[in-house]
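# Residue-level structural notes
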Amino acid sequence: MQDSRNDALVEYLLGCARQDAQALDRLYRATSAHLYAQLLRILRHEASAQDCLQQVYIRIWAAAGQYDASRARPMTWLGTMTRNIAIDWIRRQRPSEHDSDELIAAMPGLSDIEADVDLAQHSGELHQCLAELNEDQRRALELAYFEGLTHQDLANQLDQPLGTVKSWVRRGLERLKTCMSHLI
Amino acid sequence: MHESFDLSDPHLREAAAGEYALGTLTRDERAAFESLLSVSHDVQRDVERWREHLNVFNEQLTPIAPPASVWKGIAEATGTARQPWWRRLGLWQGMTATAFSLALAVTLTFSLGQNESMESDYVFVVSNPDSSPGWIVNASHSGEMMVQAVSPNAPAPGKVCELWLMTKDGEKPMSLGILPHSGSMKVEVPKEYLAAFPDSDLVITLENPGGAPSGKQMGPTLKKGQFTAVEGRHIL
């Protein structure tokens, strides 16, 4: 089932590379709800997520020729592109290079409580490999992954020494890799 | 760089690939890692594997359907929107000569508009408050800019929408003109703004007819955003 879905997505991406409008339409139908959920999780603001979702598919249309099925599954490629666009969007909203919590909190749009979305989006069952992480490790990895935080940003946000946070990240990554490698 | 960031040790290098894919490295660490990444296929494979592992964070999210207006904007911006019936030439077959002449005139008129299209290196979709696309702004590296009205909401009576380029170097905003309510308009970015314009903010303000007399007396901001590069170089 998963393989046939992958194959279909690869076909759509190849179609986009040939500038086939129907392939873009099908790719959008098959993937937009996943990428929109990802953008909402990162940006926490509906209008910004919708703007970024448009950017994602405009870039897919322009860059689908670069997709190499031997190097990444389609959803990983699309998810990575989506994450990069969203984190780039967050960074461009920052008035300076200093990545402090105060600046992130003050970003226009992100503090718009009215449009804030429910973050409790986790599907019922946590992926078994995420369940292998302890709470600190999972929190550190999720914050880094969805909010684009560096080690130092994480230490500031979690109010923990830098060394502690680095250890959570590294050990969390090791556990994740070990578990995921067994699944393949 | 922290003591365990040693790219000569295979185990630590593989761990650094995970932190690179996760995005937690400092700027210096990232730069050092990328110099290795650019030449090592093994390191590229490590990063690809880590991206697959980390995608598990996305897989746990419950899908949420975006509003229909998002697709409309994408279809317009990529030129894949379904064409209206009067632009599908096949429909003209079998018509009378008079009707065909009329059709040709309509098609030619439309084509004249289409000929204004240009190669686009950057795109910015100006959304209406309901997220439907109002205008699409395309720009080339050379500073050619094309603003196309898609379905902009009408501004308040007696008001117009003005597009501004806000450079980050503290220079005063540069007006790119009044946004058209229909059709398209071309704008040339002045040479002195060429290097900075792709990374500059674009702002749309509500103004009296004629626009704001200077960048210091702008009306209320309706929309703010940035160009998206449509080339692949920034994608992954």
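Chain B carries the name Anti-sigma K factor RskA C-terminal domain-containing protein in an unreviewed UniProt entry, which gives Cobetia crustatorum as its organism.

Under an unreviewed UniProt entry, the name given to chain A is Sigma-70 family RNA polymerase sigma factor, and the source organism is Cobetia crustatorum. Per UniProt, chain A carries the Sequence similarities (unreviewed entry) text "Belongs to the sigma-70 factor family. ECF subfamily."

It is worth spelling out the confidence of the model for chain A at this point. Residue and element names in this part refer to chain A. Looking at chain A as a whole, the pLDDT averages 83, with 80% of positions reaching at least 70. The spread of mean pLDDT over the elements of chain A runs between helix α5 (residues 101-105), the lowest at 44, and helix α2 (residues 21-43), the highest at 95. With pLDDT under 50 throughout, residues 96-124 is counted as low confidence; its partners more than four residues away or in other chains account for 44 contacts.

Bringing the packing of aromatic side chains into the picture now. Residues and elements named next belong to chain A. Scanning all chains against the criterion turns up eight aromatic pairs over all chains. On the basis of an interplanar angle of 70° and a centroid distance of 4.9 Å, the ring pair of Y28 and Y57 is categorised as edge-to-face. In this pair, Y28 sits in helix α2 while Y57 sits in helix α3 (residues 46-63), placing the two residues 29 residues apart along the sequence.

One widely used convention gives an interface's size as the accessible area the parts lose upon coming together. In this assembly, 60 residues from chain B lie in contact with 64 residues from chain A. Here chain B packs against chain A, burying approximately 5900 Å² in sum over the two surfaces, 58% of which is carbon and sulfur. As a salt-bridge pair, B:E59 and A:R73 come within 3.5 Å of each other at their nearest N and O atoms. Run the count over chain B and chain A and you get 19 residue pairs in polar contact (both at pLDDT 80 or more). Contributing elements (two or more residues each) for the side of chain B that touches chain A: α1 (10-22), α3 (41-54), α4 (56-59), α5 (68-78), β1 (122-127), β8 (221-226) and β9 (228-229) of chain B. Of the residues forming the side of chain B that touches chain A, the biggest block, nine residues, is contributed by α1(B). Taken together, the residues that form the side of chain B that touches chain A break down as 28 nonpolar, 22 polar and 10 charged.

Another aspect to go through is the nonpolar core. Counting 75 residues, the largest nonpolar core has A:L43, A:Y57, B:F33 and B:F57 as the members making the most contacts within it. Looking at this core element by element, the count peaks at 11 residues for α2(A). With 24 residues, the next largest nonpolar core counts B:V147, B:L179, B:M185 and B:V187 among its residues.

Residues and elements named next belong to chain A. According to the stated counting rule, one finds one disulfide over all chains in the structure shown. The disulfide partner of C129 is C179, and the S-S distance across this bridge is 2.1 Å. The sign of the S-S torsion, about -75°, decides the handedness of the disulfide formed by C129 and C179: left-handed. Here C129 is found in the loop between α5 and α6 (135-147), whereas its partner C179 is found in helix α8 (residues 162-183), with 50 residues between them in sequence. As far as burial versus exposure is concerned, C129 and C179 are alike and both buried.

Next up on the list: the sheet that holds β9(B). With antiparallel pairing, five strands are arranged side by side in an open sheet as β6-β3-β2-β1-β9 (chain B). Two strands in the sheet have a free side with no partner beyond their single neighbour: β6 (184-188) and β9 of chain B. Relative to β1(B), α3(A) is tilted by about 145°, and along the sheet it contacts β1 and β9 of chain B. Packed on one face of the sheet, α5(B) meets β1 and β2 (133-139) of chain B and runs near 35° to β2(B).

Excluding glycine, a negative phi dihedral is what most residues carry, and trans is how most peptide bonds are arranged. Residues and elements named next belong to chain A. A positive phi angle, near 60°, is found at Q19, a position not held by glycine. With respect to the helices and strands, the residue Q19 is situated in the loop between α1 (2-17) and α2. Among the residues examined, Q19 registers a relative accessible area of 46% and is labelled partly exposed. Phi at D159 takes a positive value of approximately 55°, unusual for a residue other than glycine. When you line up the elements, D159 lands in the loop between α7 (151-158) and α8.

Conventions and cut-offs
- Residues numbered from 1 in each chain as written.
- Chains lettered and ligands numbered in written order.
- Predicted model: local features only at pLDDT ≥ 70, side-chain atom pairs only at ≥ 80, totals over all residues.
- Heavy atoms only, no water.
- UniProt positions renumbered as here; feature names shortened; annotations may be inferred.
- pLDDT = per-residue confidence, 0-100.
- Helix = DSSP H or I, 4+ residues; strand = E, 2+ residues; numbered from the N terminus.
- Contact = heavy atoms within 4.5 Å.
- Phe/Tyr/Trp six-rings, centres within 6.5 Å; stacked < 30°, edge-to-face > 60°.
- Buried area = accessible area lost by both parts, 1.4 Å probe.
- Salt bridge = Lys/Arg side-chain N within 4 Å of Asp/Glu carboxyl O.
- Polar contact = N/O pair within 3.5 Å; in protein donor to acceptor, adjacent residues only side chain to side chain.
- Nonpolar A, V, L, I, M, F, W, Y, C, P; charged D, E, K, R; others polar.
- Core = buried A, V, L, I, M, F, W, Y, C linked by side-chain atoms within 4.5 Å.
- Buried < 20%, exposed > 50% of the residue type's maximum accessible area, 1.4 Å probe, protein only.
- Disulfide = S-S within 2.5 Å.
- Pairing = 2+ DSSP bridges.
- Axes fitted to C-alpha atoms, helices over the stretch in contact; angles between N-to-C directions.

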